[in-house]
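Understanding the architecture of this molecule
In case you want the letters, here they are:
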Amino acid sequence: MIDLRSDTLSQPTPEMLATILSAPLGDDDRTHALGRGEDSTVNALEDMAAHLTGKEAAVLVPSGTMGNTAAVLAQVHPGSALLVDEQQHLMLSEPYLFDDAFGRMVARTYRHEADGAPVLGDIECALAAGGIDLICVENTLNFAGGAPLSATSLSAVAKLAHAAGVRVHMDGARIFNAAVALGVDVATLCQPVDTVMFCLSKGLSAPVGSLVCGDQETILRVRRARKALGGAMRQAGIIAAPGIFALTHLVDRLAEDHEHARICADAIASLKRTPIVGTVSTNIVVIDPWPLGVDAARYCELAAERGLLIKPVMGTLVRLVFYRGITADDARAAARVLADIEASLA
């Protein structure tokens, strides 16, 4: 089987796993100055993450979901209104902040352009109407085909937000994919926003972990929210050490995943009734099976019968995600499966 359901399926390298054996460990929840713990490996990872994103401080969390949740809770309160992209992962797949039994927040939405950039007019109108407490952006924009948001686009959003006294949080789960695709450093993409979360466990291939980065005062509040959510850990250096390896050695190779996604997309483009959503710039290809007369769930069943595991998204679309361990030949084989499905549904 070729498994393209998500880049969370990436596996750590032997060298990455070896770092666990020699990592200095301590109790990350036995905190001292600036709320930091006694695990020096965790502290080193957090310092690295802050430096790479150009922020004052960072905190390690077990997952991207917890990272986004803690970052938002650190900046607004239950009942607050969040302005989010209408296809934002934080709202559609991780809706805990908007759950009446938990975050009790209100979601207001803006649209995005074909290239994934937020529609500034929507944001401007929402801010003018008032009542917005935080703006959230996503980079790359997952369900829009992994579209990378440029620094120019992010700066325009932040300018509008900050002029209205509103902060901006970026779900940067795949921010390193965005940076590689755009040919800029991560700090450039993070500079306009107030906080950013990024994942170690997707394309970067680490087994566990995400980081939230921002100014020191906000990160102290994120640490408090992390504690409340059960995310304070003990000898978390066994998570941090692979993360340090990933950030040191595996960022540039994300370009391979982007190339494999393009190989697959180029082959799909020759099909007559299997349209691609957006422009493939990173490691995600999203297709619309509707012209074939089947829904997304059935389409994925047909793919699985032919040796390809893929995933429905947003109820009607289908996503293919490329990551370390998926080869160019796998990408071509995946496209052949989709071609066979189209032919079978003629």
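The structure reproduced in this document is the subject of the present report. Residue positions are counted from 1 within each chain, in the order its sequence is given. Thresholds applied to this predicted model are a pLDDT of at least 70 for local features of residues and 80 or more for the giving and counting of side-chain atom pairs; totals over whole chains, interfaces and linings are not thresholded and use all residues. Values reported for side chains reflect all heavy atoms of the structure, with hydrogen atoms and water molecules removed beforehand.

**Quick word on the environment of R298**
Tracing the sequence through the fold places R298 in helix 12 (residues 296-305). Three labels apply to residues, based on accessible area from a 1.4 Å probe with only protein chains included: buried if under 20% of the type maximum, exposed if over 50%, partly exposed otherwise in between. The exposure class assigned to R298 is partly exposed, which follows from its relative accessible area of 34%. C-alpha separation for the pair R298 and K159, spaced 139 residues apart in sequence, amounts to 44 Å. Per the convention used, a helix needs a DSSP run of H or I reaching at least four residues, while a strand needs a run of E reaching at least two, with both numbered from the N terminus.

**Brief notes about the pairing of strand 8 (residues 210-214)**
When you tally the buried positions in strand 8, you get five out of five residues, the bulk of the element. Here strand 8 shows no split at all, with S210, V212 and G214 on one side and L211 and C213 on the other all buried. A pair of strands is considered paired only if DSSP assigns at least 2 bridges between the two. As paired elements, strand 2 (residues 57-61) and strand 8 share five bridges and run antiparallel to each other. Each bridged residue has a counterpart across the sheet, and for A57 the counterpart in strand 8 is G214.

**Section: the side chain of T195**
Along the chain, T195 turns up in strand 7 (residues 195-199). Take T195: its relative accessible area is 0%, and that puts it in the buried class. The contact rule is simple, with two residues in contact once any of their heavy atoms fall within 4.5 Å. If we skip the residues at most four places from it in the chain, T195 touches Q75, R167, V168, H169, M170, C213, G214 and T218.

**With respect to the sheet that holds strand 12 (residues 317-321)**
With antiparallel pairing, three strands are arranged side by side in an open sheet as 9-12-11. The open sheet has two free edges, formed respectively by strand 9 (284-287) and strand 11 (311-313), since each of these has just one partner strand. Recorded for the sheet is a direction-independent mean angle of 35 degrees between the axes of neighbouring strands. Of the strand pairs in this sheet, strand 9 and strand 12 are connected by four bridges, and their pairing is antiparallel. Residue V285 lies in a different strand from strand 12, and its bridge partner there is L320. Where helices are involved, their axes are fitted lines through C-alpha atoms of the stretch in contact, as for all axes, and angles between N-to-C directions lie from 0 to 180°. The sheet contacts of helix 11 (residues 254-268) involve strand 9 and strand 12, and relative to strand 9 the element is tilted by about 25 degrees.

**Remarks on the pattern of salt bridges**
Only one rule defines a salt bridge in this text: a Lys or Arg side-chain nitrogen within 4 Å of an Asp or Glu carboxyl oxygen. Summed over all chains, the structure comprises 19 salt bridges. With its nearest N and O atoms 3.7 Å apart, the salt bridge here joins D27 to R30. Under the relative-accessibility criterion, D27 is labelled buried at 12%. With a closest N to O distance of 3.1 Å, R167 and D215 form a salt bridge. With a gap of 48 residues between them, R167 in strand 6 (residues 167-171) and D215 in the loop between strand 8 and helix 9 (216-228) connect regions that are remote in the sequence. Residue classification places R167 among the partly exposed positions, given a relative accessible area of 27%. Residue class for D215 comes out partly exposed when judged on its relative accessible area of 24%. Three or more residues are tied together by salt bridges with common partners; here these are D27, D29, R30, K227 and R234.

Any link to function would need more than the numbers given here.
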